[in-house]
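Here is what each chain is made of, one letter per residue.
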Amino acid sequence: MIDNTSDRPTQEITLTVNGNEITEEVEPRHKLSDFLRYRADETDVRVGCEHGACGACTVEVDGKNVKSCMLFAVQADGSEVLTSKALNDDDELGPIQEAFHENHALQCGFCTSGFIMATKELLEENPDPDREEIVEGLSDNICRCTGYVNIIKAVEDAADRIDTVSQATGDD
């Protein structure tokens, strides 16, 4: 087998992923989703359709949700990236993750991290969404297993949990 990888152009990038700064040489064609999985070891980022349609690869880049399969890693150079793993509270499930777990809002789990990131963004924009707003807020994500009923319940539960935490700490 001939190794011609040294003939390919590379670019050094630096990302802050879940609070950890990572500097790597990558090929310009390398997708952010692959960088996160294979270079940053963030295996909670899933790659489903590779067309931006399913939402399994959703991560937050500089405060905005993106489909990481639709972004090259070099485009995220200098950015702060959060995956669903960043929502943990000291290695315990955070309120959104806990709500998904307790409401059985996952079956195979493949889409879960994308739904968790979509829920985070939705609840930051609208802390008390009604059912229609939840459906709209999650419309960029696809689950082939659960039928969405428990996912919607989990988002409602997560909103209540976050509201309870905010009231207890005095945050608004």
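Residues numbered from 1 in each chain as written. Predicted model: local features only at pLDDT ≥ 70, side-chain atom pairs only at ≥ 80, totals over all residues. Heavy atoms only, no water.

As recorded in an unreviewed UniProt entry, the chain goes by the name (2Fe-2S)-binding protein, listed as coming from Natrarchaeobius chitinivorans.

Enquirer: Whenever I open this one, helix α2 (residues 95-102) confuses me. Can you help?
Expert: Three- or four-residue spacings in an α-helix give side chains the same orientation, since the helix completes a turn every 3.6 residues. Within the span of α2, buried status applies to Ile 96, Gln 97, Ala 99 and Phe 100. Buried residues of α2, seen end-on, are gathered within an arc of 160° and therefore sit on one face of the element. Two residues or fewer past α2, His 104 is found with a positive phi of approximately 55°. (Buried < 20%, exposed > 50% of the residue type's maximum accessible area, 1.4 Å probe, protein only. Helix = DSSP H or I, 4+ residues; strand = E, 2+ residues; numbered from the N terminus. Arc of directions from axis to C-beta.)

Enquirer: Is there a simple way to think about the pattern of salt bridges in this case?
Expert: Should their charged atoms come close, side chains of opposite charge can pair. Following the criterion strictly, the structure yields 11 salt bridges and no others. A salt bridge links Glu 27 to Arg 8, with the shortest nitrogen-to-oxygen separation between them at 3.5 Å. Taken together, the residues span a long stretch of sequence, with Glu 27 in the loop between β2 (20-26) and α1 (32-39) and Arg 8 in the segment before β1 (11-17) at a distance of 19 residues. Where Lys 120 meets Glu 124, a salt bridge forms, and the shortest distance between an N and an O atom there is 2.6 Å. Of this pair, Lys 120 and Glu 124 both sit in helix α3 (residues 112-125), separated by four residues, roughly a single helical turn. Residue classification places Lys 120 among the buried positions, given a relative accessible area of 11%. Judged by its relative accessible area of 52%, Glu 124 falls in the exposed class. One network of salt bridges, in which partners are shared, links Glu 98, Glu 102, Asp 157 and Arg 161. (Salt bridge = Lys/Arg side-chain N within 4 Å of Asp/Glu carboxyl O.)

Enquirer: I'm lost on the nonpolar core in this one. Help?
Expert: Across soluble globular proteins, nonpolar side chains have a tendency to be buried as a group. Counting residues in each nonpolar core, the largest one holds 22 residues, and the members touching the most others are Phe 100, Phe 115, Ile 134, Leu 138, Ile 151 and Val 155. Mapped by element, the contributors of at least two residues to this core are α2, α3 and α5 (149-169). (Core = buried A, V, L, I, M, F, W, Y, C linked by side-chain atoms within 4.5 Å.)

Enquirer: Is there a simple way to explain unusual backbone geometry in this structure?
Expert: The residue Glu 50 is not glycine, and still its phi comes out positive at about 60°. Of note, Glu 50 is situated in the loop between α1 and β3 (58-61). We note that Asp 90 has phi near 50°; this positive angle belongs to a residue other than glycine. For Asp 90, the position within the fold is in the loop between β5 (80-82) and α2. Judged by its relative accessible area of 76%, Asp 90 is exposed.

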